[in-house]
Amino acid sequence: MYHAIRAVAYEPNPEHGAWQEDLHVLQLGCGLQKELMDRQKRSRGGGQSHLPVARLHSLLRAWAPGVLATGRNAGADGRLPWLYAREPVPRQVLAPLIGTWAAALSSSDDESADLERELQTGCEATALSLPEWETERVDLTETVVSPGGTAEPLSRLYRLLPEAVAFRLAGTPFRTGGGSLRFRVVSSGIGGVDLVSWPPLRYEHRKQTWYYSAHLTVTVHTVPFAQRFRVHVTTGVRRWATRLDIPRWKLGGATVLLDTPLPWPEGPDQGYRLMVNTLGYDWRSKEIAWKRRSPALLLSDLDITRRFPEPEELFTSPEKWLNGRQDVAAGIVYHPVLGLHEVGAGLMPRERAGLDAWIEQGLSPVLRRVADLSRVTRRNTPSLLPRSAKKGEPGSREAQQALARRTALGRALDGRPLDVEILWQSPQTRDALLAALPKVIGLVPGSRTDGGGATSWTADGVRIVVRTRPAGELASALRLSTDRKRRPAVRLAEAITERCALVAEADDRTRDGVSLVIAEIAGKEHFASVPGSDPKHALRLACGRQGRLTQFINLPDPGTAALEHRANWAWLDAFRQLGAISPPAHRAGDGIPGDLQYAALWLVRCTKDGPTRSPARRLVAVRVRSDGDPGTVEGWDTGRAEWVPYPSMLLSLVEAGGTVPTDLEREIRTVLFQLRDRPTLLLVNSGNLRQCWPRLRNGALTRDMLAFGTGPDQRLTAYGNDLRMVLVRDENGRGEVPEWYAHDELAKIGFSEGVWALSDGPHNRIFASTTSTPPTAARPKGLMKLAPTPGSRTAPGKTAWNPRLLEVTVLGCCSSERSADHPVDWATLTHQLRYHDDYPPLAYPLPLHLAQLAKEYVLPLAPAEGSAEG
């Protein structure tokens, strides 16, 4: 058993002091900014409030030697810092870059030529001049401490520091057993910086060469109540496409990294960057083109001596450009939509540990590795069923699981019958579902089939009636209008409404009990040829309007799991929607109240890229009581302002339609008030909920306090004397929590489940929760992809799965002298809630898991064109 884990994270080194760099700073200048805005308005009309500088910034980062980073909002305010550089970039370099970019803003070639000429002369008497470079000593570790005790970097460091770290690492090769890797910097300008090893590595498999690179991402983050902020470096593999097995029109936007030398004398960062571009299908020209302000569009105007890849050529011959032509190379970043790739994703812990050691050395002495976390409890799991009993015996784990599910189902149904309709497309799936149900909940033989084709079971007060019928047209692709002049969301809404009418026509029976539909549909890839034609969400909406829950199972395909396994999971997911699930008894200690209830909040945020192409925000609140009361799992019905059974809450989300709550913070306070009747543990994902509750930002947190809006901090007890609150945080798509690995004194590297912290003392509130690796994801810990040894030549083809680290912050607990809580107990309880006998370890504690999955029922539809927004 490992006793410590190590995060791939670094912090300012107090022994070294401040990391200071003399940087050169340039403003765009009010005169030049105004002149460019005027040209844009003359060319495109009014309405713009800022300059579209994204393409220019990509060009400057890649081709202006010495530029370290670009500032924020310089396109809207010429007085703000625009460029940060290690040395001043000559006007002779800036002028053609700005002039070529500005040509796209103006309809006059003469204006563009005048701009470049005047920028090069640097005449101060004209508006078309750049200010002079200014020198500033920048502290890259400058920190402010919030009133609650959280160290935060200055806002500009979220951009500057990742660039500085990336360039520091790119200057030193990473040495492996088989050679060395050199990294290039890939900047997006939005807060994080990537590094990829270049040129790509090769993996020979199935008589084909597959290309991949080591991939690092550098980001800056804070930790609640920590004395120093953190730099996180995530590690992995970046795969490159060598052929695009899709029609041209299906290429929405693939990232292309371009490697090209500078067209002017070498600078300090020569050869360190790759240029980010986007390649995709242009529906207007009906051909492959550079998209999304790609700087590649401007290269031929800046450097007429070199040949750069044309979009169509890159689409048809990606491998040729990946290997380079003359001194120019381009790599298309692989995505599963592009076809198969034989290199597996991810790195195993031993290789991550090697990269971590290299990063630590490269950042020393200005940054140091954060301290290892130690195990703070041996109670890693709740009271789970033993795994040693023989399968098939009366007391076996399988039999106990079935009994527990049947008991939970009976409690959720509360005496009501369960009416199930199976809409099938293949007889094998229908039969597998019928065979799986009695096994999953331990129903004894003796089912009865009536004359109408319904099969029923009755046991321990649970009555289930199952009817089956062919899905027919209900499971077919939606028919979307081909009129592209109309908004996609409106066309999709019409198609969904049409399918809802078809479902209502097919079955208008009145039901007395709880109703569930299990529908067999094709996988989403089957509908990829017509975006939006997948009927899944339309069926869920249609059935929800009839008061029926929905569960889906895919048609049997060669690439899918065994049908029996998928049928079992379909029933388990259906029971979860019915609320027939509860957490196992915890083993967190005697300090946890016996009548404790769990509550969880989740913000569902639909965007125009969501399942119905319509935006919406919904707050989901779930309450779980583990003391055996009826309705163990409940949800908050906003319309009725009361707790209702979990399935009723899911259906209420469907009924809410396009209505949007105006004040989500007020809704949160209303929910908190309804939890005051007993001890409560409130679970929140801070990365999710701070979108509507900004005072959950790390820098706004204070121990045992809550605050809303612009109001003052209040003691947690103001919302309930027995309220405890735990914030959990995952990587949130931006590396907010670090990657990790376990290690010991014998230099063994691996993974380990448990609760970890710097200290288990009463003043520590920050913990880490890690779970075990599922058996299906187990891999040898020593696999090496970046430098495969002769005995592991197939290692690059393996997919490396890494358990997720969940940061656990015990924000609020009872701290009175008479009955002070131990924060470690509440962190342990939160960790144990990630375990359940029916599931592999969950990403979140079970109540939060249930709240998150409620998003499946938030399906807003766009109003018909010409009607008012509802």
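Thresholds applied
- In this numbering scheme, every chain counts its residues from 1 along its sequence in written order.
- Thresholds applied to this predicted model are a pLDDT of at least 70 for local features of residues and 80 or more for the giving and counting of side-chain atom pairs; totals over whole chains, interfaces and linings are not thresholded and use all residues.
- Think of the side-chain values as coming from all heavy atoms in the structure, minus any hydrogens and water.
- When a carboxyl oxygen of Asp or Glu is within 4 Å of a side-chain nitrogen of Lys or Arg, the pair counts as a salt bridge.
- A helix here means a DSSP run of H or I that spans at least four residues, while a strand means a run of E at least two residues long, and both kinds are numbered starting from the N terminus.
- Here, a strand pair is defined by DSSP locating no fewer than two bridges between the strands.
- The angle between two axes is taken between their N-to-C directions and runs from 0 to 180 degrees, where each axis is a line fitted to C-alpha atoms and a helix contributes only its stretch in contact.
- Burial classification: accessible surface area is computed with a 1.4 Å probe over protein chains only, and a residue below 20% of its type maximum counts as buried, one above 50% as exposed, and the rest as partly exposed.
- Contacts are assigned to residue pairs that have any heavy atoms within 4.5 Å of one another.
- In what follows, a disulfide is any cysteine sulfur pair within 2.5 Å.
- One less than the number of residues in a helix, times 1.5 Å, gives the span that helix is expected to have.
- For classification, angles of less than 35 degrees are called roughly parallel, those exceeding 145 degrees roughly antiparallel, those between 65 and 115 degrees roughly perpendicular, and all remaining angles oblique.
- Less than a right angle of anticlockwise turn of the near helix away from the far helix marks a crossing as left-handed, whereas a clockwise turn marks it as right-handed.
- Charged means Asp, Glu, Lys or Arg here, nonpolar means Ala, Val, Leu, Ile, Met, Phe, Trp, Tyr, Cys or Pro, and polar covers whatever is left, Gly included.

### What to know about the pattern of salt bridges
Enumeration over the complete set of coordinates arrives at 49 salt bridges. The shortest N-O distance in the salt bridge between R479 and E473 comes to 2.9 Å. Among the ionic pairs, R695 bridges to D713, the shortest N-O distance being 3.1 Å. Placement of R695 in the loop between α17 (686-689) and β33 (705-706) and of D713 in the loop between β33 and β34 (714-715) is noted, with a sequence separation of 18 residues between them. When salt bridges with common partners are traced through the structure, they connect R690, R729, R734, E736 and E807 into a single cluster.

### A word on the sheet that holds strand β6 (residues 134-139)
Read from one edge of the open sheet, four strands run β4-β5-β3-β6, paired in antiparallel fashion. Strands with a single pairing partner mark the edges of an open sheet, and in this sheet they are β4 (67-70) and β6. Between one strand and the next, the sheet's axes are offset by a mean angle of 35 degrees, whatever the strand orientation. The sheet contact formed by strand β3 (residues 20-27) and β6 spans six bridges and is antiparallel.

### Here we look at the environment of E116
With respect to the helices and strands, the residue E116 is situated in helix α4 (residues 109-121). For E116, a relative accessible area of 27% corresponds to the partly exposed category. Each C-alpha atom of the pair E116 and A69 lies 23 Å from the other, and the pair is 47 residues apart in sequence. For E116, the contacting residues outside a window of four places in its chain are A95, P96 and G99.

### Topic: the sheet that holds strand β17 (residues 275-282)
Read across the open sheet, the four strands follow the order β18-β17-β16-β19; overall the sheet is antiparallel. Looking at strand neighbours, the two that pair on one side only are β18 (287-291) and β19 (329-332), the edges of this open sheet. On average, adjacent strands in this sheet sit at an angle of 30 degrees to one another, irrespective of strand direction. Judged from the four bridges that link them, strand β16 (residues 254-259) and β19 form a sheet pairing that is antiparallel. When the sheet's bridge partners are listed, L258 is paired in β19 with A330.

### Considering the state of the cysteines
Taken as a whole and judged by the stated rule, the model has zero disulfides. In this structure C543 is a free cysteine whose sulfur lies 8.6 Å from that of C500, the closest cysteine sulfur available. Of the residues examined, C543 reaches a relative accessible area of 2% and is grouped as buried. C813 takes part in no disulfide bond, and the closest cysteine sulfur, belonging to C814, lies 7.5 Å away.

### A short note on helix α9 (residues 349-363)
Helix length check: α9, at 15 residues, gives a terminal C-alpha distance of 21 Å against a target of 21 Å (1.5 Å per residue), a fit within 8%. Residues of α9 that are buried: P349, E351, R352, A353, L355, D356, W358, I359, G362 and L363.

### Looking at the packing of helix α11 (residues 427-441) against helix α14 (residues 563-577)
Running from N to C, α11 and α14 point in directions that differ by 60 degrees, and their axes come no closer than 8 Å. Judged by the inter-axis angle, α11 sits oblique to α14. Crossing handedness for the pair α11 and α14: right-handed. Residues Q428, T429, A432, L433, A436, L437, K439, V440 and I441 of α11 pack against L563, E564, A567, N568, A570, W571, L572 and F575 of α14. Class assignment for the residues of the contact of α11 with α14 results in twelve nonpolar, three polar and two charged.

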